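The residues making up each chain are set out below.
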Amino acid sequence: MAEAKRQNPKELVKLLEVKDLVTEFSTEEGIVRAVKSVSFTIHRGETVGIVGESGSGKSVTSLSIMKLIPSPPGKIVSGSIIYYPKDGEAIDLVQADDKMMRKLRGDSISMIFQEPMTSLNPVFTCGHQVAEALMLHKKLSKSEAKAKTIEMFEKVQLPTPERMFKSYPHQISGGQKQRVMIAMAMCCDPDLLIADEPTTALDVTVQKTILELMDDLSNQLESSIIFITHDLGVIGEIADRVIVMYQGNIVEEGHVLDIFKNPKHPYTRSLLACRPPLGDRLKRLPTVKDFMDVAEDGTIIEKPLSVSEALKKVRISPKEFKARMTELAKEEPILSVKNLKTFFVTQRNFLGQAKAYTKAVNDVSFDVYPGETLGLVGESGCGKTTLGRSLLRLVEPMDGEVFYKGRDIRDMRADELRKMRKEMQLIFQDPYSSLNPRMTIGNAIREPMTVHEIYSNEVERKERVEELLLKVGMLPEHFGRYPHEFSGGQRQRICIARALAVKPEFIVCDESVSALDVSVQAQVLNLLLDLREEFNLTYIFISHDLSVVKFISDRMVVMNAGQIEEYDSSDVIYNNPQNAYTQKLIQAIPKGEVADIERRLKVG
């Protein structure tokens, strides 16, 4: 990674100064104060990370700087945001009119949004959208803007920039869309780049390149960066200073090394501790509740616990793990997959016969033992989700055998398959799109019981639903609420309760924590482990995040281009990866280790 921008304190030049910022939203329940009297300074040429879970106020702070708070219902109530341009007088962005903000946005202050698909206009080509900003702010001609856009596409390492210029957003991958957004944000050489969770939905390998790219570009253009994320590991890869936010307040601020070496606030300690560690094996992940309680009036009650003490409490010895693996291998496999192939037709001839295929799953074989968690890990497009769906015949395999409890699922009739699905369930990646928005969550959990005729009447089923809601950390009174009334972590808990409703033995978890904050992710992973022990469940856990897979899995399958690259105990694969692809995946994980940060800052 490029050398971080270290400056002599005497040379620090203010670029942006936020003073006593208060931003509020009007809701049906009353006024919600999202940002509560926040103050901080950004200096020229530095990268500042703002970290916190969903609802901490970090994104609202960045939108306030850009004056993009939707009004109504939101508004900046008080405070000032002073921008100091290289030439000219300081500008208070809170008082600036729309004309001034249009001039500054995209030119002096740029923003990369979390979701590139919704930020890019689907009816214009990628090139047109970047060139438009250049023609507006830099007054370039159409041909000059095109040349500069292609040059920016080369800088952000997009393959075949000329082709990318003519491509529409839906024709390129998530990582490529994010690069287009970075090119658009950086094309006018802004003084300040605000990046709001720009790598959250990306594979670790793509994330690593995006972080390096942003660091390199900001060094070349001498831009400052405000980098917003919920993951302190990512902050360790890029930031000089860190601001930690919780419930609209700044609870801690300091140099990145100080925050990682000696976090003062219990919330900061919890964010550091709840990331799945790569070196150790844990019984469960520490969560925010291990470090602090929050009173009804919002007061934080600190618990005297350090990060190292929290991890020591839940550490599993290699001997304990080895004993578990030996115990699991004593039984016959509950699932046995042999030479499984799932191909998708990409081209047909004029007679409708298949000419070309995408080999999503190509000759894959493995076993899963009762009570085991097998991790499937790999980048987007490697075939792991298709493999998970092929096991349940949600996607029809082309060839191979899938034996569940000794019976080949591929030979089952429709009625047999329906009965079998009661035992094998799937927790989908996106809980919001897998829940019916018109159905209360209680009915969504009860419906599979009705379909499979579990329990004799609806009253008994309702009692079971309320029991399940308690099991997954929700309340029985949530029964009559709708999906949109819950947070992402709560929706995922609802999906877990729905999967458990039919008393399955085998569950496929497809990227079921990838969209969650690290603090919420820790709670959901702990819940899955608790449920595995209580109900003797067997999991296949699919994820692109190797650190999450290593934490929850007993054994691991590393997939690439539809094939298995490595298949062994998760500790063996992490400690001694045999394959170059696995090594690349491990190296790309943001580890947040003090030694790595010191190396990056050229201090150590």
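Residues numbered from 1 in each chain as written. Predicted model: local features only at pLDDT ≥ 70, side-chain atom pairs only at ≥ 80, totals over all residues. Heavy atoms only, no water.

Draft legend 1. Quick look at the overall build of the protein chain. Within the protein chain one finds 24 helices and 24 strands. For 604 residues, the compact-globule formula gives about 25 Å, and the C-alpha radius of gyration of the protein chain, at 26 Å, lands near that figure. Across its three principal directions, the C-alpha atoms of the protein chain cover 75 × 65 × 50 Å. Within the span of the protein chain, comprising 604 residues, buried residues form 55% of the whole. Approximately 27,100 Å² of the protein chain is accessible, and the part contributed by carbon and sulfur atoms is 49%. Across the protein chain, 79 positive and 85 negative side-chain charges occur, with their mean positions spaced 2 Å apart. (Helix = DSSP H or I, 4+ residues; strand = E, 2+ residues; numbered from the N terminus. Rg over C-alpha atoms; globule rule 2.2 N^0.38 Å. Buried < 20%, exposed > 50% of the residue type's maximum accessible area, 1.4 Å probe, protein only. Areas by Shrake-Rupley, 256 points an atom, 1.4 Å probe, with all protein chains shown as cover. Lys, Arg positive; Asp, Glu negative; His and termini not counted. Charge placed at Lys NZ, Arg CZ, Asp CG, Glu CD.)

Draft legend 2. Region of the structure containing unusual backbone geometry. In the segment running from Ser71 into Pro72, the intervening peptide bond is cis, with an omega of -15 degrees. Checked against the element boundaries, Pro72 lands in the loop between α1 (58-66) and β4 (74-83). The omega torsion of the bond from Pro72 to Pro73 falls at 10 degrees, within 30 degrees of zero and hence cis. Looking at where Pro73 falls in the secondary structure, it is placed in the loop between α1 and β4. Residues other than glycine seldom take positive phi values, yet Asn339 does so here, at roughly 50 degrees. In the Ramachandran plot, Lys405 falls in the positive-phi region, its phi being about 50 degrees despite a non-glycine side chain. Along the chain, Lys405 turns up in the loop between β18 (399-404) and β19 (407-408). Residue Lys405 is classed as partly exposed on the basis of its relative accessible area, which comes to 44%.

Draft legend 3. Fine view of the packing of helix α4 (residues 126-137) against helix α7 (residues 174-186). In contact at an axis separation of 9 Å, α4 and α7 are set at 15 degrees when each is read in the N-to-C sense. Regarding the angle of α4 to α7, the classification is roughly parallel. Seen along the crossing, α4 lies across α7 with a hand that is right-handed. Between α4, through Cys126, Gln129 and Val130, and α7, the contact on the second element is made entirely by Val180, Ala183 and Met184. Its residues assigned to classes, the contact of α4 with α7 comprises five nonpolar, one polar and no charged. (Axes fitted to C-alpha atoms, helices over the stretch in contact; angles between N-to-C directions. Parallel < 35°, antiparallel > 145°, perpendicular 65-115°, else oblique. Left-handed = near helix turned anticlockwise from the far one by under 90°. Contact = heavy atoms within 4.5 Å. Nonpolar A, V, L, I, M, F, W, Y, C, P; charged D, E, K, R; others polar.)

Draft legend 4. Quick peek at the packing of aromatic side chains. A full pass over the atoms with the stated rule returns three aromatic pairs. Relative to Tyr267, the ring of Tyr246 has its centre 4.5 Å away and its plane inclined at 40 degrees; by these criteria the two rings are tilted. With Tyr246 in strand β9 (residues 241-246) and Tyr267 in helix α11 (residues 266-273), this pair connects stretches of sequence that are 21 residues apart. Among the residues examined, Tyr246 registers a relative accessible area of 9% and is labelled buried. (Phe/Tyr/Trp six-rings, centres within 6.5 Å; stacked < 30°, edge-to-face > 60°.)

Draft legend 5. Structural detail: the sheet that holds strand β7 (residues 192-196). Read from one edge of the open sheet, six strands run β6-β7-β8-β3-β9-β10, paired in mixed fashion. Each edge of the open sheet carries a strand with a single partner, namely β6 (109-112) and β10 (249-255). Adjacent strand axes in the sheet meet at a mean angle of 15 degrees when their direction is disregarded. Pairing between β6 and β7: four bridges, direction parallel. If you follow Ile112 over to β7, its bridge partner there is Ala195. Sheet strands in contact with α7 are β6 and β7, and its direction is about 175 degrees off that of β6. (Pairing = 2+ DSSP bridges.)

Draft legend 6. Structural context of the nonpolar core. Core analysis: the biggest nonpolar cluster contains 119 residues, and Phe153, Ile182, Met214, Phe227, Ile496, Leu528 and Phe541 have the highest contact counts within it. Each residue touching Phe541, except ones within four places of it in the same chain, is listed here: Thr373, Leu374, Gly375, Leu376, Cys509, Ser512, Val513, Leu525, Leu528, Val548, Val549 and Ile552. The next biggest cluster of nonpolar side chains, apart from the first, holds 32 residues, and it includes Leu16, Leu21, Val60 and Ala96. (Core = buried A, V, L, I, M, F, W, Y, C linked by side-chain atoms within 4.5 Å.)

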